[in-house]
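Geometric and topological summary
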Amino acid sequence: MITVLVADDHAFVRDSLVELFTASGDLTVVAECEDGAQVLDVARRTRPDVVLLDLAMPRVTGLQAARELLADRPESRVVVLTGSLTPALVREAREIGVVGYLLKGDDPGALPGHVRTVAAGGTAWSDAAASATTGDGGRGR
């Protein structure tokens with residue numbers, strides 16, 4: 001079973017992700033956070049395989065939470081799930097060690113597969129996020 005921590009300030013999004021992951025059969029949400037300030041403490045206690053973070057949260061943003069978490073637990077597998085996409089945000093996420101950047105507008109059915117890939121040591125970058133910093137879809141051409 002792959003364990004996931006979900007951090008998003010919208011209860012509807014958190015509930016939808018819990019439902020999606022539960023239906024997958026091999027993913028389970030071990031904790032939910034409604035703001036970035038909770039992430040480090042909750043991740044220390046629950047030790048999830050994957051941390052899924054929204055960027056726009058009250059008190060502490062997703063990238064600030066990711067930075068603190070990865071400084072404390074560099075082995076953490078952090079994925080951003082957001083509606084915000086700018087080259088600067090994607091670049092900052094990469095620089096701090098985030099292993100995935102997915103958009104809330106992407107196919108939700110693909111999300112469990114992305115979480116599995118990240119838990120297995122891979123990365124999960126939406127095409128739009130990959131092209132936001134490379135201009136070529138992340139293929140390096």
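The structure presented is a predicted model; accordingly, all values stated were derived computationally and were not measured.

1. Describing the overall build of the protein
For the protein, the count of helices and strands is six helices and six strands. What you see in the protein, going N to C, is helices and strands ordered as β-α-β-α-β-α-β-α-β-α-β-α. Relative to the globule expectation of 14 Å for 141 residues, the C-alpha radius of gyration of the protein, 14 Å, shows essentially globular dimensions. Taken along the three principal axes of its C-alpha coordinates, the protein extends 40 × 30 × 25 Å. The buried share of the protein, taken over its 141 residues, is 45%.

2. Describing unusual backbone geometry
Among all residues save glycine, negative phi is the norm, and among peptide bonds the norm is trans. The phi dihedral of Arg 47 is positive, around 45°, even though this residue is not glycine. Position of Arg 47 relative to the elements: it lies in the loop between α2 (39–46) and β3 (50–53). Residue classification places Arg 47 among the exposed residues on the basis of a relative accessible area of 53%. The phi angle at Arg 59 is positive, at roughly 65°, despite the residue not being glycine.

3. What to know about the environment of Val 50
Relative to the helices and strands, Val 50 is located in strand β3. Each C-alpha atom of the pair Val 50 and Gly 100 lies 10 Å from the other, and the pair is 50 residues apart in sequence. Residue contacts for Val 50: discarding those within four places in its chain leaves Ile 2, Thr 3, Val 4, Leu 5, Arg 77, Val 79, Val 115, Val 118 and Ala 119.

4. Overview of the confidence of the model for the protein
Across the protein, pLDDT averages 91, with 94% of residues at or above 70. Within the model, pLDDT remains below 50 along residues 136–141, and this stretch shows seven contacts once partners closer than five positions in the same chain are excluded.

5. Section: the environment of Leu 53
Within the secondary structure layout, Leu 53 lies in strand β3. Taking the relative accessible area as the measure of exposure, Leu 53 reaches 0% and is therefore buried. Once the C-alpha coordinates of Leu 53 and Ala 88 are considered, the two residues, 35 residues apart in sequence, prove to be 17 Å apart. Ignoring sequence-local partners within four residues, the contact set of Leu 53 consists of Ala 7, Val 39, Gly 62, Ala 66, Val 78, Val 79, Val 80 and Leu 81.

6. Quick word on the UniProt feature "domain: Response regulatory" (unreviewed entry) in the protein
In the numbering used here, UniProt assigns the feature "domain: Response regulatory" (unreviewed entry) to residues 3–119. Segment residues 3–119 splits into 44% helix and 22% strand. End C-alpha atoms: 9 Å apart.

7. Focus: the nonpolar core
Of all hydrophobic cores here, the largest spans 29 residues; its most connected members are Leu 5, Val 39, Leu 53, Val 78, Val 98 and Tyr 101. For this core, the leading source of residues is helix α3 (residues 62–72), giving five residues. Leave out the neighbours within four places in its chain, and Val 98 touches Ala 66, Leu 70, Val 78, Val 79, Val 80, Ala 93 and Trp 125. Core analysis: the next-biggest nonpolar cluster, separate from the first, contains 18 residues, Val 6, Leu 27, Val 79 and Leu 111 among them.

8. What about the pattern of salt bridges?
Summed over the entire model, instances satisfying the criterion amount to nine salt bridges. Where Arg 45 meets Asp 41, a salt bridge forms, and the shortest distance between an N and an O atom there is 3.3 Å. In this pair, Arg 45 and Asp 41 both sit in helix α2, four residues apart, roughly one turn of the helix. Looking at Arg 45, the relative accessible area reads 58%, which means it is exposed. Taking the relative accessible area as the measure of exposure, Asp 41 reaches 43% and is therefore partly exposed. Salt-bridge contacts for Arg 44 lead to Asp 72; the nearest nitrogen and oxygen are separated by 3.0 Å. Residue Arg 44 is found in helix α2, and its partner Asp 72 is found in helix α3; the two are separated by 28 residues along the sequence.

Rules used throughout
Residues numbered from 1 in each chain as written. Predicted model: local features only at pLDDT ≥ 70, side-chain atom pairs only at ≥ 80, totals over all residues. Heavy atoms only, no water. Helix = DSSP H or I, 4+ residues; strand = E, 2+ residues; numbered from the N terminus. Rg over C-alpha atoms; globule rule 2.2 N^0.38 Å. Buried < 20%, exposed > 50% of the residue type's maximum accessible area, 1.4 Å probe, protein only. Contact = heavy atoms within 4.5 Å. pLDDT = per-residue confidence, 0-100. UniProt positions renumbered as here; feature names shortened; annotations may be inferred. Core = buried A, V, L, I, M, F, W, Y, C linked by side-chain atoms within 4.5 Å. Salt bridge = Lys/Arg side-chain N within 4 Å of Asp/Glu carboxyl O.

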